[in-house]
Amino acid sequence: PSWMLRFLLVFKLLVFSEIFIPSYMTDAVLLLMVLRIVSYAYDYQHDDVFEGDNKDSKPSTSIAFFDFIGYCFCFVGYWTGPFYNYRTYYNMLHSQTLIRSSKLALWHMRWMLVLLPIHIAQNALIPLDYVMEPEFVERSFLYKYLYMFAGFWTFKCKFYGGWVMAEGICIACNLGTEEKEDGSVDYSSIVNIDIYNTEIQWELANCVRAWNKSVQRWMKCYVYDTTTLPKSIRTDFVFGISAFWHGVRPGYYLTFFSAPPMMKLQQKVGNLSRSYRTAHPKAEMVYRVVNWWFVRLMSCMFFLPFYILNLNTILNVWSSMYWVPWIAISVVIVLSIALPTGPRPDKKSS
């Protein structure tokens with residue numbers, strides 16, 4: 001795994017220095033290739049690649065090599081995800097039961113009828129490249145916020161549509177599908193996006209969990225669980241690896257490192273106010289509405305660096321918005337230090 005990360009670093013530095021400029025597809029394939037190679041190497045080393053715990057079931061090195069090549073270059077989920085480990089790929093090839101899943105795949109992709117027109121309309125009516133124009137910074141704060149709010153939401157439809165289509169292809173190929181006793185089909189292992197919770201959840205942590213779920217599972221298994229760092233900073237480390245996985249441009253790091261302090265602040269405020277909100281249902285409703293707007297506001301602000309990437313342009317836009325993101329981060333840091341942790345909820349209620 002460490003060698004793959006070194007290779008990814010060299011590749012991203014070449015891209016950053018414009019010595020080598022890959023296409024969008026090349027970059028996407030490389031990112032998913034890194035995930036597959038690291039997961040296969042780790043699982044193979046820990047005897048988790050093949051079913052069962054019997055080490056004798058592991059094939060010879062030559063057969064394992066060709067299995068590895070087939071897994072790495074499997075076209076399903078190659079450009080958009082979702083990520084899946086070798087065992088899921090192996091089960092697709094060697095399953096004894098064929099699930100008739102074409103109708104289920106088409107039904108799952110029905111969201112494309114909504115998401116595709118929204119994305120096309122967004123490109124025509126709310127082009128995000130406009131935020132990098134000098135004219136944009138001259139607009140009022142309210143206009144800029146509303147423009148980014150609408151642009152950010154419709155821009156997400158691009159990812160929603162790509163992931164929904166990729167999940168439908170996986171279902172059609174019987175990748176990650178399992179037939180239950182009642183005849184229904186479980187395909188949760190290849191679900192990459194939970195659109196409902198991404199848009200409705202009022203806690204940033206839950207919104208993050210609903211986004212790019214397969215890559216998050218990879219981060220959990222091969223980064224969070226394997227590092228020897230203290231648990232208090234593991235989440236920050238994972239977000240740093242996520243930024244590095246995307247590239248070395250400043251925008252990625254400004255976006256990803258903004259999430260952990262916001263999540264910690266929400267957790268502390270939630271713990272401190274839980275008893276009061278439990279006794280006053282209306283206060284709970286107000287708390288959730290305020291948090292929902294807070295998460296959307298900060299998501300718009302910190303989404304910009306991920307899209308713009310160029311540091312000078314990012315600073316220019318943030319300056320025109322009175323440094324609201326940085327002021328918010330400063331408040332978060334101060335409150336994180338000043339506020340006590342508060343009582344934690346018991347595991348059953350949480």
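What you are looking at is a predicted structure, and each value in this text was computed from that prediction instead of being measured.

Definitions and limits used
Residues numbered from 1 in each chain as written. Predicted model: local features only at pLDDT ≥ 70, side-chain atom pairs only at ≥ 80, totals over all residues. Heavy atoms only, no water. Salt bridge = Lys/Arg side-chain N within 4 Å of Asp/Glu carboxyl O. Helix = DSSP H or I, 4+ residues; strand = E, 2+ residues; numbered from the N terminus. Patch = residues over 30% accessible without salt bridge, like charges linked within 9 Å, V, L, I, M, F, W, Y side chains within 5 Å. Areas by Shrake-Rupley, 256 points an atom, 1.4 Å probe, with all protein chains shown as cover. Buried < 20%, exposed > 50% of the residue type's maximum accessible area, 1.4 Å probe, protein only. Core = buried A, V, L, I, M, F, W, Y, C linked by side-chain atoms within 4.5 Å. Contact = heavy atoms within 4.5 Å. Arc of directions from axis to C-beta.

## Section: the pattern of salt bridges
Scanning all chains against the criterion turns up 7 salt bridges. In this structure, D27 engages K12 in a salt bridge whose closest nitrogen and oxygen atoms are separated by 2.7 Å. Placement of the pair is D27 in helix α2 (residues 24-45) and K12 in helix α1 (residues 2-16), with a sequence separation of 15 residues. A salt bridge links D236 to K264; the shortest N-O distance between them is 3.0 Å. Of this pair, D236 sits in helix α12 (residues 231-246) while K264 sits in helix α14 (residues 259-279), and the two are 28 residues apart along the sequence. Linked by salt bridges that have partners in common, R277, E284 and R288 make up one network.

## Quick look at a nonpolar patch on the surface
A grouping of L311, L315, W323, W326, I327, V331 and L335 is seen on the molecular surface, where their side chains present a nonpolar patch of about 570 Å² in accessible area. Those elements giving two or more residues to the nonpolar patch turn out to be α16 (311-320) and α17 (324-338). Per-element accounting of the nonpolar patch gives the leading share, 4 residues, to α17. By the element assignment, I327 lies in helix α17. On the basis of relative accessibility, which here comes to 49%, the residue I327 falls in the partly exposed class.

## Examining the nonpolar core
Core analysis: the biggest nonpolar cluster contains 42 residues, and Y71 and W218 have the highest contact counts within it. If you list the elements that add at least two residues to this core, you get α1, α2, α3 (61-72), α4 (86-94), α8 (141-172), α11 (213-224) and α12. When residues of this core are assigned to their parent elements, the largest contribution, 10 residues, is made by α2. Every residue in contact with Y71, bar those within four places of it in the chain, is listed here: R36, S39, Y40, F83, Y84, N85, Y86 and Y89.

## Side note on the environment of L35
As for its position among the elements, L35 is in helix α2. Since its relative accessible area comes to 0%, L35 is described here as buried. Distance in space between the C-alpha atoms of L35 and Q45 is 16 Å, their sequence separation being 10 residues. L35 has contacts with F83, V215, W218 and W245, leaving out every residue within four places of it along the chain.

## Focus on α11
Restricting attention to buried positions, one finds in α11 the residues S214, V215, W218, M219, Y222 and V223. The arc enclosing the buried residues of α11, seen along the axis, measures out at 145°, which places them on a common side. Tucked into the core, α11 has its buried residues touching α2 and α12.

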